[in-house]
Structures are given as structure tokens and as C-alpha cells.
Amino acid sequence: MDRRAHWQQVYETKSPEEVSWTQKRPSTSLEFIESFRLDKDAKIIDVGGGDSNLVDFLLDQGYSDITVLDISANALEKAQNRLGDRANKVNWVVSDIVEYHPTETYDLWHDRAVFHFLTDPGQVNIYLKLVNQYVSQYLVLGTFSEAGPTKCSGLEIQQYSEKSMMELFGEKFNKMKCRTEDHITPFGTKQNFLYCGFRKKGE
């Protein structure tokens, strides 16, 4: 399956109220980010940001070096239209994360609900190499937990536990905290997420 075509179609044909991942306020992500006490010029990337509202809140808080990456150009266009002139303050990148070649390191790498779509061990290894090389301080990952769904948007996903997260990321990162939460979708169903925050070792 062409993943890019899949996500292009999703964002072309569905509104935020018609997709499960929509959050009016990404509270847990913001709590993690606020706890890091980053400088306002910290380099932040939101992987799979799509038309998520996280970028709006980061701009509201005065962050000035934000990159939003998504496989779907349609998703990013929706976010840009929503932000209006403020979109010019954001670096927008259309790329599959496993094909991304960063040109700088990031103080914060945030990913809610991209990593769990990488079900092939080769893709997971590429992702690990990216964060190990291009994250200088903090990593926040939100994935489906072992109590969460096994599919999303018609695609298979990989569930994670705190233990399996540590096995993958523990070589280069120290775990700061992990927590689970029920995300209530716009249509009233529950999805259990695991969020983990990590700090780069030696930082």
C-alpha cells in the first residue's frame, strides 16, 4: 500500500470531526513540553503533526522555531489555512518520517501517533537512528498502549508498553516519565494511549 496516497485521501475527504485522532487541546503533549522549560527559541519538531492544533498552542506560548512534518501535504495545507498569516512562522515539511533527512538537530522531538504505524522492524530501526542522531535534548512519544486499538484508519499498528519503549529508546535516552490516558475520539469512542517523555543521556 502507498502510505502517502492513503493519508492524502484521508485528509482530502475527512474533516477533523471525522477522524479519531483530533484533539481540540493536546493537553498531555503540552504538559510534557511545559515541564521541560525550554527556551522560546528551542528547535521543536512535531512529527506527523498534520493539522494538529499543537502548533497553534506552541505559537501562542511564544515558541519561534517550530517544524511540522507530515506525510500528507493535504494535512499541512489544512493547518496552514487555519493559522493564516501565522503559518509563515512555521517550517512545514512534507515527508514520510522514514524518508526524512534532517539538516539540524532538535531540542524537542514530539510524535503523537506516527511511531505506532511503523510495523516493519526496518522502519523502526530507521526511526531509532533518526532520534538518536537528531534529538539533542527531549523526546515525547504518544503511541497506542497494550490496552489500545490494534488498527487505526484501516491500518495495522504496533502497541507499546513502558517496558517495550525503554527497550527501544533506553540506549540513548533516560526515561523521565510515562503515563497512559484514554483519548476520547470526536465520535465518542475510547483509545488508550501511552505517552513517554525521554531526555538524551549526557544532557
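Going by the structure above, here's the rest.
Here we summarise the structure given alongside this text. If you're wondering where the values come from, they're calculated on a predicted model, not measured in any experiment.

1. Thoughts on the nonpolar core
Reasoning step 1: By size, the foremost hydrophobic cluster in this structure holds 30 residues, and its most contacted members are L38, L58, I66, W92 and L108.
Reasoning step 2: For this core, the secondary structure elements donating two or more residues are α2 (27–35), α3 (54–60), β2 (65–70), α4 (73–83), β3 (90–94), β5 (135–144) and β9 (190–200).
Reasoning step 3: With four residues, the single largest contributor to this core is α3.
Reasoning step 4: Once residues lying within four places of it in the same chain are set aside, the contact partners of L58 are L30, I33, I44, Y63 and I66.
Reasoning step 5: Membership of the second largest hydrophobic core comes to 29 residues, among which are V47, Y100, Y127 and F169.

2. With respect to unusual backbone geometry
Reasoning step 1: The phi dihedral of R37 falls on the positive side, at around 55 degrees, and the residue is not glycine.
Reasoning step 2: When you line up the elements, R37 lands in the loop between α2 and β1 (43–47).
Reasoning step 3: Even without a glycine there, the phi angle at A113 is positive, about 80 degrees.
Reasoning step 4: Looking at the secondary structure, you find A113 in the loop between β4 (106–112) and α5 (121–134).
Reasoning step 5: Since its relative accessible area comes to 16%, A113 is described here as buried.

3. Some remarks on the environment of L141
Reasoning step 1: Tracing the backbone through its elements, the reader meets L141 in strand β5.
Reasoning step 2: Accessibility expressed as a relative area gives 0% for L141, which makes it buried.
Reasoning step 3: Sequence-wise, L141 and V114 are 27 residues apart; in three dimensions their C-alpha atoms are separated by 8.8 Å.

4. Regarding the packing of aromatic side chains
Reasoning step 1: Applying the stated rule across the entire model yields eleven aromatic pairs.
Reasoning step 2: Judged by centre distance (4.1 Å) and plane angle (5 degrees), the ring pair of F36 and Y138 falls under stacked. Of this pair, F36 sits in the loop between α2 and β1 while Y138 is found in strand β5, placing the two residues 102 residues apart along the sequence.
Reasoning step 3: Exposure remark for F36: the relative accessible area of 6% places this residue in the buried category.
Reasoning step 4: A relative accessible area of 4% places Y138 in the buried class.
Reasoning step 5: Ring centres of F169 and F198 lie 5.7 Å apart, and the angle between their planes is 40 degrees; this geometry places the pair in the tilted category.

5. With respect to the pairing of β4
Reasoning step 1: Across the seven residues of β4, seven count as buried, placing the element largely inside the fold.
Reasoning step 2: Taken together, the six bridges between β4 and β5 define a ladder with parallel strand orientation. Residue pairing in the sheet places L108 in a bridge with Y138 of β5.
Reasoning step 3: With respect to chirality, the unit in which β4 leads through α5 into the neighbouring parallel β5 is right-handed.

6. Observations concerning the pattern of salt bridges
Reasoning step 1: In this structure the tally under the stated criterion is eight salt bridges.
Reasoning step 2: As a salt-bridge pair, R179 and E181 come within 3.7 Å of each other at their nearest N and O atoms.
Reasoning step 3: Residue classification places R179 among the partly exposed positions, given a relative accessible area of 30%.
Reasoning step 4: Several salt bridges converge on common partners, so that one network encompasses E31, R179 and E181.

7. Description of the side chain of T67
Reasoning step 1: Mapped onto the secondary structure, T67 falls in strand β2.
Reasoning step 2: The exposure class of T67 is buried, given its relative accessible area of 1%.

8. Re the state of the cysteines
Reasoning step 1: Enumeration over the complete set of coordinates arrives at one disulfide.
Reasoning step 2: Covalent S-S linkage joins C178 and C196, the inter-sulfur distance amounting to 2.0 Å. One quick way to see it: the torsion about the S-S bond of C178 and C196 is about 115 degrees, and its sign makes the bridge right-handed. You can see C178 sitting in strand β8 (residues 173–184) and its partner C196 sitting in strand β9, a full 18 residues away along the chain. With respect to burial, C178 and C196 carry one shared label: buried.

Thresholds, definitions, all that
- Residues numbered from 1 in each chain as written.
- Predicted model: local features only at pLDDT ≥ 70, side-chain atom pairs only at ≥ 80, totals over all residues.
- Heavy atoms only, no water.
- Core = buried A, V, L, I, M, F, W, Y, C linked by side-chain atoms within 4.5 Å.
- Buried < 20%, exposed > 50% of the residue type's maximum accessible area, 1.4 Å probe, protein only.
- Helix = DSSP H or I, 4+ residues; strand = E, 2+ residues; numbered from the N terminus.
- Contact = heavy atoms within 4.5 Å.
- Phe/Tyr/Trp six-rings, centres within 6.5 Å; stacked < 30°, edge-to-face > 60°.
- Pairing = 2+ DSSP bridges.
- Right-handed = clockwise from strand over helix to strand, strands pointing away.
- Salt bridge = Lys/Arg side-chain N within 4 Å of Asp/Glu carboxyl O.
- Disulfide = S-S within 2.5 Å.

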